[in-house]
Amino acid sequence: MPTALCERSPRVPAEQLVAEMVPPPRFDAVRFDTYVPDPSQPSQTEAVELLRSFAAGLDAGGEGEARGGLFRRRRRAAPKGPRGVYLDGGYGVGKTHLLASLWHATPAPPERKAFGTFVELTHLVGALGFQQAVQALSGHRLLCIDEFELDDPGDTVLVSSLLGRLVEAGVSLAATSNTLPGKLGEGRFAATDFMREIQGLSAHFRAARIDGQDFRHRGLPEAPAPHDDGTVVRVAHRTPGASLDAFPALLAHLATVHPSRYGAMAEGLTAVCLTGVAPVPDQSTALRLVVLADRLYDREVPVLASGEPFDRLFSEEMLNGGYKKKYFRAISRLTALARDAGRLTEG
């Protein structure tokens, strides 16, 4: 019998949060050598070389390391010059691949490096408190922040303050980022917007622009058509480790689980099967679905669905609003996972 996401409400102990800040399973094996630059986009090759050089400059040592547990701060003199890189580019050009490659290439043990999304970082601060979060991360050589959010001014100021304290402690930073409300343009904001929003931290970052098309659609067929309910249910029952949920019920359940736990909610699943996919009713629901899509994509969990195709999940108003980039990223990732689910219907 398949399980149900609607029956999962995981609790993640705070002490595990820092230890689990590593690249997600989808990016376990990525390296700079596995990133394939588009020959027509020289900025992609230039970004790889910049990040290789940045990683090489991060030695594994540190002065005055303190003995003790996870939250014991290690004191080091704050280095001079830029201590961070910012990857500036549209969705689907491989920014997360490169950010994870930087984490893997940095010459330090895993416990001295941290990788997480902006949402995961804000949840860490919420779970531990600001001062304890500073202590927990101050001994790291590198902190990688994927999808730095600028949608909420309060969260932006909070994380900027945290990063300022970490820079003072000698922690190097790397970030990709998300779009500002109202910034339509190319579906993302430019490096200048990021630098302005992080205020006093801008001097610590050098920007690497990555141009290109969404690789998830580059040279690939269009998204597969949705299946019928019967097919989805049959596949769920014959696939060990699959989940089966009615889409409206899942959306309602997501409102009861903190988005930072969506990854834990998807842990161990081999497939997600959904019946009755339909356009989401409001923006709050849509943003929760975006987080779930990200966590499923990170874990390479295929998604088999009936109902409406994924490119009809979000209204035209949503796709032209301030969270435009998030919705397009979710469509792109769910489409990729729907392709992956095609093999489940064979045989």
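Undergrad: Run through the nonpolar core, naming residues and quoting values.
TA: Of all hydrophobic cores here, the largest spans 62 residues; its most connected members are Leu98, Leu102 and Phe314. With 8 residues, helix H11 (residues 283–298) is the single largest residue contributor to this core. Apart from the residues lying within four places of it in its own chain, the contact partners of Phe314 are Val280, Ala286, Leu289, Val290, Leu319, Tyr327, Ala330 and Ile331. Formed by 26 residues, the second largest nonpolar core is a distinct cluster that contains Val18, Ala114, Val159 and Phe205.

Undergrad: Before we move on, could you go through the sheet that holds strand S4 (residues 172–177) and cite the residues and values that matter?
TA: Across the sheet, 5 strands lie side by side as S2-S3-S4-S1-S5; this open sheet has parallel pairing. In this open sheet, the two strands that pair with only one neighbour each are strand S2 (113–117) and strand S5 (205–210). Within this sheet the neighbouring strands show an average axis-to-axis angle of 15°, counted without direction. Where S2 meets strand S3 (residues 142–148), 5 bridges bridge the pair, whose relative direction is parallel. Looking at S3, one finds that Phe115 is bridged to Cys144. Sitting on the sheet, helix H2 (residues 42–56) touches strand S1 (84–89), S3, S4 and S5, and the angle it makes with S5 is about 150°.

Undergrad: Please provide a residue-by-residue account of the sheet that holds strand S8 (residues 303–307), values included.
TA: Taken together, 3 strands build an open sheet; the order of strands is S6-S7-S8 and the sheet is parallel. Edge positions in the sheet fall to strand S6 (242–246) and S8, since each has one partner strand and no second. For this sheet, the mean inter-axis angle between neighbouring strands, taken without regard to orientation, is 15°. In the sheet, strand S7 (residues 271–277) pairs with S8 via 4 bridges, with the strands oriented parallel. Bridging from a neighbouring strand, Cys273 pairs with Leu304 of S8. With respect to the sheet, helix H8 (residues 229–238) is in contact with S6, S7 and S8, its orientation differing from that of S7 by roughly 155°.

Undergrad: How would you sum up the packing of aromatic side chains? Please name residues and give values.
TA: One pass over the structure, following the stated rule, counts 2 aromatic pairs. Centroid distance Phe118 to Phe148: 4.8 Å. Interplanar angle 55°. Geometry classified as tilted. Remark: Phe148 occurs in strand S3 and Phe118 occurs in helix H4 (residues 118–128); sequence separation between them is 30 residues. Taken as a pair, Phe118 and Phe148 share a single burial class, namely buried. Taking the ring centre of Trp103 as reference, the NZ or CZ of Lys113 above it sits at 4.2 Å.

The rules behind the values
- Residues numbered from 1 in each chain as written.
- Predicted model: local features only at pLDDT ≥ 70, side-chain atom pairs only at ≥ 80, totals over all residues.
- Heavy atoms only, no water.
- Core = buried A, V, L, I, M, F, W, Y, C linked by side-chain atoms within 4.5 Å.
- Buried < 20%, exposed > 50% of the residue type's maximum accessible area, 1.4 Å probe, protein only.
- Helix = DSSP H or I, 4+ residues; strand = E, 2+ residues; numbered from the N terminus.
- Contact = heavy atoms within 4.5 Å.
- Pairing = 2+ DSSP bridges.
- Axes fitted to C-alpha atoms, helices over the stretch in contact; angles between N-to-C directions.
- Phe/Tyr/Trp six-rings, centres within 6.5 Å; stacked < 30°, edge-to-face > 60°.
- Lys NZ or Arg CZ within 6 Å of the ring centre and 35° of its normal.

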